[in-house]
Amino acid sequence: MSRILIRGGRVLDPGCGRDERCDVLLEDGVIVAVDAAIETRGAEVIDAEGCWVAPGFVDLHTHLREPGQEYKEDIASGGRAAVAGGFTSVACMANTQPVNDDPAVTDFILDRARQDSPARVYPVAAATKGLKGEVMTEMSALVDAGAVAFSDDGKTIMDSGVMRRVLEYSTLVQRPVMTHAEDRTLVAEGVVNEGPVSTRLGLPGNPAMAETVHVSRDIMLAELTGAHLHVAHVSTAGAVQQIREARARGVHVTAEVTPHHLALTDEATAGYDTNTKMAPPLRGSEDVAACRAALADGTLDAIATDHAPHALHEKEVEFTAAPPGIIGFETALPVVLDLVRKDELTPLELVSRLSTEPARILRVPAGTLAVGAPADVVVIEPDHEWVYDPAKGHSKSRNSPWDGARMTGRVLATVVAGKLVFHADRGVLAP
Ligand code: DOR
Ligand code: ZN
């Protein structure tokens, strides 16, 4: 029998509102007790004195690149980077090669994950074949194979008729549709946020309105169909407002925001660093403030990394030619801890946005430290200071805007299914 005792930490469990000093006992993959002063009884002890103990993080939005682009990342390296960042479950997007638009690809991903990944992996299947935005995928066969949601992420479904049908069918399989909301005709050639920064840098602008317009359309279609619409990587005040109003009138819409859209503005691109290029782009300070406020008031339900690895040679080109995206697993926690330090979120609220809420959106068994729940746990040292070096990280790629940045807060230990899979002093331990 495997037994781990996490001793003396500040236990944060948004599921039951618990925020108190406790011990947590894990046995055979399950949480068996959360209590003051649990006896050791031969358990492996993790000393959590001065630490936070929380349900493992659940990432709604990642790119693991396998099958097909294993030079950027694969399910093994992505899974290792995930647990090093405190993520015990990750949902991986369908823009692989081949695209995950067929149950055989979903099967393959799950098979690989079982063998290679210390984190649990939940495939998101494509909503349309080949991500072309034209013909719907076979949703029920994909759900039977293990898909937990549908998304053409990376591409926008521009055809409103197709999006309507995708949403309609998603209600039959009762799975969310995650929209990459950027109206392509408004994005045009844009590579940075349209505004003073794009003008100054002489780079084509991608207007905030490209997102707001598209979120608005998708919300109207979700309202028409009664489907669960999930808005990926919200970056604008306009989209936040649309989501807030829709929620108030009962539309089933949820939304996520990335650490980079919470922490950085388009000013980060001043030096033309291609590791500040992503889709949607970094926005102005008013958009960032709106996203932070919306995360605090719950309009934005969850934090998702949009971990998007790209190889060095792909990013070492001129700004307009570089692929969009940055890695995010191993920097997410310290970056978003800033919201707690600035009193914008309580620690319990932060854990709910990283774990409980994304688990609820995906409908997966995670996000809680309740007795009987799967033993997926993260131990956090909130005040630990360190310097981030992507070369020392677990991802195959290094495309991070935080290369060399001073960080406060780190993951001390990650447990998946009752097994210690990461410890800061020992690295990734399994599989
Ligand atoms: O920045 C991004 N990178 N946004 C996306 O939507 C796709 C992703 C990728 O696959 O690299
Ligand atoms: Zn996207």
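One can find the structure itself at the top, above this paragraph.
Residues numbered from 1 in each chain as written. Chains lettered and ligands numbered in written order. Predicted model: local features only at pLDDT ≥ 70, side-chain atom pairs only at ≥ 80, totals over all residues. Heavy atoms only, no water.

Turning our attention to the coordination of the zinc ion (ligand 2). Six octahedral donors around a metal ideally subtend angles of 90 or 180 degrees, whereas four tetrahedral donors ideally subtend 109.5 degrees. Protein ligation of the zinc ion (ligand 2) involves D153 (OD), H180 (ND1) and H233 (NE2), the donor distances falling in the range 1.8 to 2.3 Å. Around the zinc ion (ligand 2) sit four donor atoms, and with donor-metal-donor angles ranging over 81 to 125° the site reads as irregular. Between the donor residues of the zinc ion (ligand 2), the gaps in sequence give the motif D-x26-H-x52-H. Remark: H233 occurs in the loop between strand 13 (229–231) and helix 8 (237–248) and H180 occurs in the loop between strand 10 (177–179) and helix 5 (184–187); sequence separation between them is 53 residues. Owing to a relative accessible area of 2%, H233 belongs among the buried residues under this scheme. (Donors = N, O, S within 2.8 Å, 3.2 Å for Na, K, Ca; no water. Tetrahedral: all angles 85-135°; square planar, octahedral: opposite > 155°, others 65-115°. Helix = DSSP H or I, 4+ residues; strand = E, 2+ residues; numbered from the N terminus. Buried < 20%, exposed > 50% of the residue type's maximum accessible area, 1.4 Å probe, protein only.)

The next subject is the sheet that holds strand 13. Spatial ordering of the open sheet is given by 6-7-8-9-10-13-14-15, a layout of eight strands whose pairing is parallel. Each end of this open sheet is capped by a strand with a single partner; those strands are strand 6 (57–62) and strand 15 (302–303). In the sheet, strand 10 pairs with strand 13 via three bridges, with the strands oriented parallel. Each bridged residue has a counterpart across the sheet, and for M178 the counterpart in strand 13 is H230. Each of strand 10, strand 13 and strand 14 (253–257) touches helix 7 (residues 208–225); the most contacted strand, strand 13, lies at about 165° to it. Running at roughly 150° to strand 14, helix 8 makes contact with strand 13 and strand 14 of the sheet. (Pairing = 2+ DSSP bridges. Contact = heavy atoms within 4.5 Å. Axes fitted to C-alpha atoms, helices over the stretch in contact; angles between N-to-C directions.)

Each pair of packed helices gets described by two things: the angle between the helix axes and the distance between those axes. Two elements in contact, helix 8 and helix 10 (residues 285–297), have axes separated by 8 Å at closest approach and are oriented at 30°. Classified by the angle their axes make, helix 8 and helix 10 are roughly parallel. On helix 10, the residues that touch A237, V240 and R244 of helix 8 are D287, A290, C291, A294 and D297. Residue composition of the contact of helix 8 with helix 10, by class: five nonpolar, no polar and three charged. (Parallel < 35°, antiparallel > 145°, perpendicular 65-115°, else oblique. Nonpolar A, V, L, I, M, F, W, Y, C, P; charged D, E, K, R; others polar.)

Once that is clear, we can look at empty space enclosed by the protein. Applying the stated criterion across every chain, the model contains six cavities of 30 Å³ or more. Space inside the largest cavity adds up to approximately 60 Å³. Lining the largest cavity we find 14 residues, and of these I157, M163, M178, T179 and H180 sit closest to its centre. Where the lining of the largest cavity is concerned, the elements lending two or more residues are strand 10 and helix 7. Looking at the lining of the largest cavity residue by residue, the classes come out as four nonpolar, five polar and five charged. (1 Å grid on protein atoms, 1.4 Å probe; cavity = no way out; pocket = protein on both sides within 12 Å on 5 of 7 lines; lining within 4 Å. Points joined across faces, edges and corners; volume = space filled by probe spheres on them.)

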